[in-house]
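Take a look at the letters that make up each chain.
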Amino acid sequence: MKKLYTNTRYFINIILLLFVLNSCDSFVDVDLPKSQLNSSAVFQEYMTANTAITDIYSKIRDKGFLAGNNSGLSNKLGNYTDEMVPFGNPSNTSFNFYYNSVLATTPEVTQYWNYAYNQIYAANEVIEGVSNSTGLSPEQKNQLTGEALFIRALSHFYLVNLYGDIPFITQTDYRKNSVTGRMPIEEVFGYIIKDLENASILLTNNYSNLQRVRPNRYVVKALLARTYLYSGAYAQASNEASSLINQTGLFKLEQDLNRVFLISSSETIWQLQSANPGKNTEEGLQFIFQSTPPPVVALSTFLVNSFSQDDLRKSNWLRSRTNGISTWFHPFKYKEQNNTPSSLEYSIVFRLAEQYLIRAEARAHQGDLIGAREDLNRIRNRAGLQNTVANNKEELLTDILKERRLEFFSEHGHRFFDLKRFNLLDSQLSVSKPGWKTSNALFPIPQNELLTNPNLGPQNPGY
């Protein structure tokens, strides 16, 4: 009877949890969701509280910025910049991004916003629920709260880099959230950094499993290094990157490029676990094609031609398909398009190569040209290239930007964020992209959100 009672209570809590976490799509809804319930019972036991946090990871994997499918940033920002070209049916929504004709009513613009804030709401639900819990141990509270703070920071990071000034949401009160105004970019970065610093204190250095699918302190530091770099805090960016690079017992650059995106890669800092055993990545399913012309998307000639012939990334991470007249290329970082007896690849969000290039860029800005060259050359040499010949800060930064393009293509929009950070969006994309405008540096605030909450105005310029 005791076992039956325990199991029944567990399943009731799970149902309650899913009911609450799926109650609303947007944080700017005027009305309280009809399913707003007291979810405190969910956070009285670690099993159900842990389910709450893992449910958010599944949503990050499947919906929004980091989704590996056609709607994620890897595809959409690849088309938005100069990495990819859409094909197939005119209803393919990537055409709007390729022609830079995104509007405030474009579905993806609204979906990114809503999915991100939904994940933020769920993270805040965990933070509040864990704080009020009397059934969790201090260690369990630290772990769950640290992960939730990381999730909240991660979602706000992509929001602020795509939309500019945004609300930074730290609570679950819909009435207050529905009238929240936008915060300047610099302040948003400050709150992101604060969340990550607090998460770093709460989390430990240990991974909960060998596949590195749950954030620990090093995952937090990876995002912190990127955030510091984007906000121009170069000394801090360099220090955080070093704290990862120096953990040689955990992280090492894979010298075999075909191993970089395997589940067991020693380069992986954090990856998103597939939904089912045997399932591989949505990136592999989406990007790899056998027939010609490409059914959905292919790499652009601008990207393909930027690789030198002796660059091992071209031979290992690109694959060509031809119809005898024309040739197209697709990303081949993830090599599994279908299910396998057991999963071989998960979608990688942070990997060590980025930390080397973060530190290289940060060092160059600080005048440490020797250190910057050393970090840059680690990535170049791994790709079979000779050392850089850059002799000054400007040349080094140019080489670092090029290396980032070749290293991170088709990975969550790095190219767009890099050009934006280097103030090169206009000069680079006005040449290679049809319809590029200066205002395309920001997405528009979704039109329905502006109508619901006038405090989100004014609309971003150009929309």
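Parameters at a glance
- Residues numbered from 1 in each chain as written.
- Predicted model: local features only at pLDDT ≥ 70, side-chain atom pairs only at ≥ 80, totals over all residues.
- Heavy atoms only, no water.
- Helix = DSSP H or I, 4+ residues; strand = E, 2+ residues; numbered from the N terminus.
- Rg over C-alpha atoms; globule rule 2.2 N^0.38 Å.
- Contact = heavy atoms within 4.5 Å.
- Areas by Shrake-Rupley, 256 points an atom, 1.4 Å probe, with all protein chains shown as cover.
- Expected span 1.5 Å × (residues − 1).
- Polar contact = N/O pair within 3.5 Å; in protein donor to acceptor, adjacent residues only side chain to side chain.
- Phe/Tyr/Trp six-rings, centres within 6.5 Å; stacked < 30°, edge-to-face > 60°.
- Buried < 20%, exposed > 50% of the residue type's maximum accessible area, 1.4 Å probe, protein only.
- Pairing = 2+ DSSP bridges.
- Axes fitted to C-alpha atoms, helices over the stretch in contact; angles between N-to-C directions.
- Parallel < 35°, antiparallel > 145°, perpendicular 65-115°, else oblique.
- Nonpolar A, V, L, I, M, F, W, Y, C, P; charged D, E, K, R; others polar.
- Core = buried A, V, L, I, M, F, W, Y, C linked by side-chain atoms within 4.5 Å.
- Salt bridge = Lys/Arg side-chain N within 4 Å of Asp/Glu carboxyl O.
- Left-handed = near helix turned anticlockwise from the far one by under 90°.
- pLDDT = per-residue confidence, 0-100.

Student: So what exactly am I meant to see when it comes to the overall build of the protein chain here?
Tutor: Regarding its fold elements, the protein chain presents 19 helices and 6 strands. Computed over C-alpha atoms, the radius of gyration of the protein chain comes to 22 Å, within 12% of the 23 Å expected from 2.2 N^0.38 for 463 residues, which places it in the range of a compact globule. For the protein chain, the C-alpha atoms occupy an extent of roughly 70 × 50 × 45 Å along the three principal directions. Of the contacts made within the protein chain by residues no fewer than 6 positions apart, 70% connect residues no fewer than 24 positions apart. By element, 52% of the accessible surface of the protein chain is carried by carbon and sulfur atoms, the whole surface being about 18800 Å².

Student: What is the right way to read helix α9 (residues 217–230) from this model?
Tutor: One full turn of an α-helix is made of 3.6 residues, so residues set three or four places apart face in the same direction. The terminal C-alpha atoms of α9 lie 20 Å apart, and with 14 residues this matches the ideal 20 Å at 1.5 Å per residue to within 8%. For α9, the N-terminal capping position is held by Asn216, with its side-chain oxygen 3.0 Å away from the main-chain nitrogen of Tyr218. One or two steps after α9, the chain reaches Gly232, where phi turns positive at roughly 80°.

Student: Looking at this model, I keep getting lost on the packing of aromatic side chains. Mind explaining?
Tutor: What characterises a pair of aromatic rings is the spacing of the ring centres plus the angle enclosed by the ring planes. Using the criterion set out here, one finds 28 aromatic pairs in the structure. Between the aromatic rings of Tyr121 and Tyr174, the centroid separation amounts to 5.1 Å while the plane-to-plane angle is 45°, which identifies the pairing as tilted. Here Tyr121, found in helix α5 (residues 107–132), pairs with Tyr174, found in helix α7 (residues 174–177); they are 53 residues apart in sequence, far enough to count as distant. The two residues Tyr121 and Tyr174 agree in class, both being buried. Arranged with centres 5.1 Å apart and planes meeting at 65°, the rings of Phe261 and Tyr334 form a pair that is edge-to-face. Of this pair, Phe261 sits in the loop between α10 (234–245) and β2 (268–272) while Tyr334 sits in the loop between β5 (327–331) and β6 (347–351), and the two are 73 residues apart along the sequence. Note on Phe261: relative accessible area 1%, which makes it buried.

Student: How should the pairing of β5 be read in this particular structure?
Tutor: The two faces of a sheet get side chains in turn, since along a regular strand they alternate between them. Summarising the sheet, strand β4 (residues 318–322) and β5 pair through 5 bridges and their orientation is antiparallel. Directly across from Ser320, in β5, lies its bridge partner Phe329. As consecutive antiparallel partners, β4 and β5 are separated by 4 residues, and within that stretch Gly324 has a phi angle of approximately 95°, a positive value.

Student: Which parts of the structure should I look at to understand the packing of helix α16 (residues 393–408) against helix α17 (residues 414–421)?
Tutor: For any two helices packed against each other, one specifies the inter-axial angle together with the distance between the axes. For the pair α16 and α17, the least separation of the axes is 9 Å and the interaxial angle reads 170°. Between α16 and α17, the crossing angle belongs to the class labelled roughly antiparallel. When α16 is examined against α17, the residues Leu401, Arg404, Arg405 and Phe408 are found in contact with a partner set consisting of His414, Arg415, Asp418, Leu419 and Arg421. Looking at the contact of α16 with α17 residue by residue, the class counts come to 3 nonpolar, 1 polar and 5 charged.

Student: Before we go on, may I ask you to explain the environment of Gly249 in this structure?
Tutor: Within the secondary structure, Gly249 is located in the loop between α10 and β2. Between the alpha carbons of Gly249 and Ile169 there is a distance of 37 Å; along the sequence they are 80 residues apart.

Student: So what exactly am I meant to see when it comes to the nonpolar core here?
Tutor: Inside soluble globular proteins, nonpolar side chains tend to come together where they are buried. Residues Phe150, Tyr163 and Phe350 are the most contacted members of the largest nonpolar core, which totals 103 residues. With sequence-adjacent residues up to four places away left out, Tyr163 is seen in contact with Val109, Tyr112, Trp113, Arg182, Leu442, Phe443, Pro444, Ile445, Pro446 and Asn460. The next biggest cluster of nonpolar side chains, apart from the first, holds 16 residues, and it includes Leu257, Tyr334, Ile348 and Leu406.

Student: Please explain the pairing of β2 as it appears in this structure.
Tutor: The buried count for β2 comes to 5 of 5 residues, which makes it a mostly enclosed element. Direction of pairing for β2 relative to β6: antiparallel, over a ladder of 4 bridges. Across the sheet, residue Thr268 finds its bridge partner in β6, namely Arg351.

Student: Explain the pattern of salt bridges here, please?
Tutor: Should the charged atoms of two oppositely charged side chains come close, the side chains can pair. For the structure shown, the criterion picks out 26 salt bridges. Residue Arg405 pairs with Asp82 through a salt bridge whose shortest N-O separation is 3.4 Å. Of this pair, Arg405 sits in helix α16 while Asp82 sits in the loop between α3 (73–80) and β1 (84–86), and the two are 323 residues apart along the sequence. The pair Arg405 / Asp82 is uniform in exposure class, with both members buried. Each of the salt bridges in this network shares a partner with another, and the network as a whole consists of Glu267, Asp311, Arg313, Lys333, Arg351, Arg380, Arg382, Glu403, Glu407 and Glu411.

Student: Before we go on, may I ask you to explain the packing of α9 against α10 in this structure?
Tutor: Their axes nearest at 8 Å, the elements α9 and α10 cross at an angle of 155°. With respect to each other, α9 and α10 are oriented roughly antiparallel. For the pair α9 and α10, the crossing hand works out as left-handed. Note on element contacts: α10 touches α9 through Tyr234, Gln236, Ala237, Glu240, Ala241, Ser243 and Leu244, opposite Tyr218, Lys221, Ala222, Leu224, Ala225, Tyr228 and Leu229. Of the residues assigned to the contact of α9 with α10, the class counts are 10 nonpolar, 2 polar and 2 charged.

Student: Would you explain the confidence of the model for the protein chain in this entry?
Tutor: One rule of thumb: low pLDDT means the predicted coordinates there are not for detailed reading. Considering every residue of the protein chain, the mean pLDDT works out to 92; 92% of them sit at 70 or more. Below a pLDDT of 50 lies the segment residues 23–38, which in the model reaches 41 contacts outside its immediate sequence neighbourhood of four places, other chains included.

Student: What exactly am I supposed to notice about the environment of Tyr334 here?
Tutor: Under the relative-accessibility criterion, Tyr334 is labelled buried at 8%. Along the primary structure Tyr334 and Phe287 are separated by 47 residues, whereas in three dimensions their C-alpha atoms are 8.8 Å apart. One polar contact links the side chain of Tyr334 to the main-chain amide nitrogen of Ile348, over a distance of 2.8 Å.

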